[in-house]
Amino acid sequence: MGFIINSMYLAFAYHKLGAIPALNFKASLSFFAWTIIAAYLLFQLKFRIMVLGSFAVPFSAFLMLISSTMPISTIAMRPVFKSLWLPLHVIAALLGDAIFAIACIAGVMYLIQERQIKTKRLGAFYSRLPSLNILDSINYYAISYGFLLLTIGMITGSIVAQGAHGSYWRWDPKEVWSMITWLCYAVLLHQRMAIGWRGRRSALMSIGCFLVLIFTFVGVNFLMEGYHSFESLRGGSSL
Amino acid sequence: MITIVTIGMNHETAPVELRERFVFADHNIDDVMNDIRAIKDIKESLLLSTCNRFEMLLTTEKGNDAKESVIGFLSRFSGIPTQELEPTLYVYENHEAIRHIFRVGASLDSMVVGEPQILGQVKDAYRTALEHKSSSVILNRLMHKTFALAKKIRTETDIADSPVSISFAAVELAKKIFGDLKGKKALLIGAGEMAELAATYLLSNQINRLLVANRTFAKAVELADQFRGTAISIDEIAQQLQEVDIVISSTASSEPVILERQVKDTMRARKNRPLFFIDIAVPRDVEPHVNRIENVFLYDIDDLKGIVDSNIDKRKKEAVKAERMVDEAVIKFTQWLKTLEVVPTIVALQDKCEKIRQIELKKTLSSLDGLSDSQKKDVENLTLSITKKILNNPILFLKRKQDRDSQNLYLDVARKLFDLDSNNDDSEPK
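Quantities reported herein were computed from a predicted structural model and do not represent experimental measurements.

**Student:** Where do I start with the overall build of chain A in this structure?
**Tutor:** In terms of helices and strands, chain A carries eight helices and zero strands. Taken from N to C terminus, the helices and strands of chain A fall in the order α-α-α-α-α-α-α-α. For chain A, buried positions account for 40% of its 239 residues.

See below:
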C-alpha cells in the first residue's frame, strides 16, 4: 500500500520536474528507499520469504526518515537533466544498489542462521529464518541482477557524462568509487561462479561490498568534491 | 439435570495388557455402540479407542446409575472383574469431563505432548458416534468446541512446532540447511533403529536417492532393498561423499569412519555444496573437527539430544499457555450448559402464557360481535404485548441467574409460581 502511494508520488514528481526525482541527496535517498521496497517485492515474488521484509522495510523506513529531515531545496533545471539517459542511469544505478542491499540483508540473515546451526544453539531466530540454501540463493540472484543493473547504470552514466561534459570518463571521485564497487562485485561474482564460493564467505563478502557501495553512495558526496556531489549540482558550477 | 461423564483409561492409569482388551475395531464397533446405547440412563455417548487410551464420553440424567452400568458393561465386555477394573479407570464429571476431552483433543494428555495423531482419532470417534446417532445436542457442541480449541492451540502456541525425537530433529535440521530436500541424495552408513528411522523420514521428504553402506555387504543389500536404495561397499564412501548431501552414520566401528582431511578434499571437489553429517554412533564415526569446515555441518548424538531436550522444555512451556486456553474454553462451555438448564423453564413459561392468551382471546372475540377485521387484529396485538411485557422480566431474570448457584432455587420458584409442572392440559386456571 505504502509502496503504491510512494510510486504515485514519485511519478507525480517526475512529471512536475520533467526529470527523475533523484537530483539532490534528499530526493535520491527517498528514491533509494522506494527501490529497496521494489527490489524486496520482486524477491518476495520469487522466493516468498516474508522475513526478508522485516529487514528491508526498517532499512527503507530509516532512509525515508533521513530524507524527510533534510531541508527541501529546489534545483535549477538544466537541459542535461531532461536527457532520457539520465533517468535510465539513475534508475539502473539505484535499483542495482537496492538489489545489492537485498543481497547484503540475505547475507546477514545467512550468517545469523549459519552461526546458530554451527554452534548448535538454535535460538529465537532459528525457526523464523529460512533455510541456508534459500538465503544463499537469494544472495546469489541478488548479486547477479544487481551487478547487471550496476553495469547498465555505469554505461548509461558515462553516456550522460558524454552529453554533459563531452567525455565518457573524467576520474571524478564518484566515478572512481563506482568503478571500485563494480570491481568488488565482479570479484565476488567470479569467485561464486568459477571457484564455487558459497555460503559464509560469499555472505561476508557481499556485506563488505555493500559497505563499499554505501561509501560510494553517501561518503563520496560529503568527503570529496566532484560534479556528482549534489551540492555542486545545485551550484551548477562544475556542470 | 444433565451430567457429562467420562470413563476411561490411558497409558498412565492402565498397563497395555489391560488397554489391549478394549480395542474396538471396525468389525465389532457396531455391536459395541448398540450395546452402549441399550444401557439405560445414557442419553448420548461417544467411544474413543486408541493405542494409548480408551474412553467413553456420555451424557446422562442419572450420573451414578449410568456410571455403574457402564463399568458393569466394560467388565462384561473385557472379562475383567469390576474390582480389578475400577482402580485403572478414571471417572470425570461435568467440568472435569469437559476439560478432559478438551485436553485430549489438544494433545495435552498424550504421552508425547503435542503429537498430532490424537485429534484425527478423536474426529474419527465422533464420526462413528454420528453414524450411530448416539451424539446429540450436548456432545455435538462439545466435540465441535474440542476441534476448534485444538486447532486454536496448534496455531497460537508452539506446542507442536519443534521435533521431539532424535531422528525427526535431524531431518528438520537438514531442511534448515537445504531448504527443500527434494532431489537430495543421502548416504546411510551402518544400521540401527534411529538411523533407519531418520532414513525413513528423509525418504518421506522425497529425497532423490538413498545409498546404503555397511561393513558386511550383504547387510547393505538387505537394507537397500528395504529402503529402495542402492547398496555400496564401505570403500566407496570416500568417493560417494562428493555426490551425496546428507550422511547418516551409525556404525559400531571404534575408529572414525570419516576423517577431517577426507571431507576437506571432498568439499573442494563439491565446489562447496553444503554437506550435512548426522552421526548417531557411539563412539563417534565422524571426526568432530569436520564441523569447522565451511559449508559442512556435523551433528552428533549429543547435539541432537540437546535439541530434543530443549524442544521438550519448549513444549512444556507452551503447554502452560495451552492449559490456560483450555480453562477458558471449559468456563465458556459450562456457561452454555447452564443456559441449557434454564431453557426448558423459559419455554414452559412462554407456552403457558400463550395458551392462556389464545383461550381468553377466543372467548372475548366470540362475545364481541361486529368487530371489523382490523379491530380484531388490534385486540390480538393488545393481548400479545401484555403477555410479552409481563414475561419479559422473569425471563431476563432467569437467564441472568444461569451461572449462579441460586439458579436451581429460582427455577424451582418460577415453576411453582406459574404452576408449570402440573399436568392439567386444559390450561384452565382454577
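**Student:** I tried to follow the nonpolar core on my own but got confused; where do I start?
**Tutor:** General note: in soluble globular proteins, nonpolar side chains tend to be found buried as a group. If you look at the biggest cluster of nonpolar residues, it comprises 102 residues, and the most contacted ones within it are Ile102 of chain A together with Ala170, Ala186, Ile248, Phe277 and Ile278 of chain B. If you tally residues by element for this core, the top one is helix H4 (residues 85-119) of chain A, at 18 residues. Leave out the neighbours within four places in its chain, and Ala186 of chain B touches Ala199, Leu202, Ile207, Leu210, Val244, Asp245, Ile246 and Ile248 of chain B. Counting residues in hydrophobic clusters, the runner-up holds 47 residues, among them Leu47, Leu142, Ala322 and Ala329 of chain B.

**Student:** What is the right way to read H4 of chain A from this model?
**Tutor:** Given 3.6 residues per helical turn, the α-helix brings residues three or four places apart onto the same face. In this model, H4 of chain A (35 residues) spans 50 Å end to end at C-alpha, consistent with the 51 Å of a helix rising 1.5 Å per residue. Residue Lys120 of chain A follows H4 of chain A closely and has a positive phi angle near 65 degrees.

**Student:** Can you help me understand the packing of helix H8 (residues 166-178) of chain B against helix H9 (residues 193-204) of chain B in this one?
**Tutor:** A pair of packed helices can be characterised by two numbers: the angle between their axes and the separation between those axes. Residue and element names in this part refer to chain B. Orientation of H8 relative to H9, taken along the N-to-C sense of each, is 45 degrees, at an axis distance of 8 Å. With respect to H9, the element H8 is oriented oblique. Crossing of H8 against H9: the hand is right-handed. Residues Ile166, Ser167, Phe168, Ala170 and Val171 of H8 form the contact with H9, whose participating residues are Met194, Leu197, Ala198, Tyr201 and Leu202. Partitioned by chemical class, the residues of the contact of H8 with H9 number nine nonpolar, one polar and no charged.

**Student:** Can you help me understand the packing of helix H5 (residues 94-105) of chain B against helix H13 (residues 301-367) of chain B in this one?
**Tutor:** All names here are of chain B. Between H5 and H13, the least distance of the axes is 9 Å, while the angle of their chain directions is 135 degrees. Classed by the angle they form, the pair H5 and H13 counts as oblique. With respect to the hand of their crossing, H5 and H13 are arranged in right-handed fashion. From H5, His95, Ile98, Arg99, Phe102 and Arg103 reach across to H13, where they touch Val326, Ala329, Val330, Phe333 and Thr334. Residues belonging to the contact of H5 with H13 are distributed by class as follows: six nonpolar, two polar and two charged.

**Student:** Looking at this model, I keep getting lost on the confidence of the model for chain B. Mind explaining?
**Tutor:** Atomic detail in the predicted coordinates should be set aside for any region of low pLDDT. Residue and element names in this part refer to chain B. Mean pLDDT over chain B works out to 86, with 97% of the residues at or above the 70 mark. Every residue in residues 426-430 scores below 50 in pLDDT, and together they form three contacts with partners more than four places removed in sequence or on other chains. The ipTM for the predicted assembly is 0.75, set against a pTM of 0.67.

**Student:** Honestly, the sheet that holds strand E6 (residues 209-213) of chain B in this entry has me stumped. Any pointers?
**Tutor:** Pairing between the strands of a sheet is mediated by backbone hydrogen bonds and can be parallel or antiparallel. All names here are of chain B. Ordered in space as E7-E6-E5-E8-E9-E10, the six strands form an open sheet in which the pairing is parallel. Single-partner strands in this sheet number two, and they are strand E7 (230-232) and strand E10 (296-300). Taken pair by pair, the neighbouring strands of this sheet meet at an average axis angle of 20 degrees, ignoring direction. Sheet topology places strand E5 (residues 185-190) next to strand E8 (residues 246-250); five bridges connect them, and they run parallel. Of the residues in E8, the one forming a bridge with Ile189 is Ser249.

**Student:** Is there a simple way to think about the sheet that holds strand E3 (residues 53-60) of chain B in this case?
**Tutor:** Residue and element names in this part refer to chain B. With antiparallel pairing, the four strands of this open sheet are ordered in space as E2-E3-E1-E4. This sheet does not close on itself; its edge strands, each paired only once, are strand E2 (42-49) and strand E4 (90-93). Looking at each pair of strands side by side, their axes are set apart by 15 degrees on average, direction ignored. Where strand E1 (residues 3-10) lies against E3, eight bridges are found, and the strand directions are antiparallel. When the sheet's bridge partners are listed, Met9 is paired in E3 with Phe54. With respect to the sheet, H5 is in contact with E1, E3 and E4, its orientation differing from that of E1 by roughly 50 degrees.

Rules used in this analysis
Residues numbered from 1 in each chain as written. Chains lettered and ligands numbered in written order. Predicted model: local features only at pLDDT ≥ 70, side-chain atom pairs only at ≥ 80, totals over all residues. Helix = DSSP H or I, 4+ residues; strand = E, 2+ residues; numbered from the N terminus. Buried ≥ 20, exposed ≤ 12 C-beta atoms within 10 Å, placed from the backbone. Core = buried A, V, L, I, M, F, W, Y, C linked by C-beta atoms within 7 Å. Contact = placed C-beta atoms within 7 Å. Expected span 1.5 Å × (residues − 1). Axes fitted to C-alpha atoms, helices over the stretch in contact; angles between N-to-C directions. Parallel < 35°, antiparallel > 145°, perpendicular 65-115°, else oblique. Left-handed = near helix turned anticlockwise from the far one by under 90°. Nonpolar A, V, L, I, M, F, W, Y, C, P; charged D, E, K, R; others polar. pLDDT = per-residue confidence, 0-100. Pairing = 2+ DSSP bridges.

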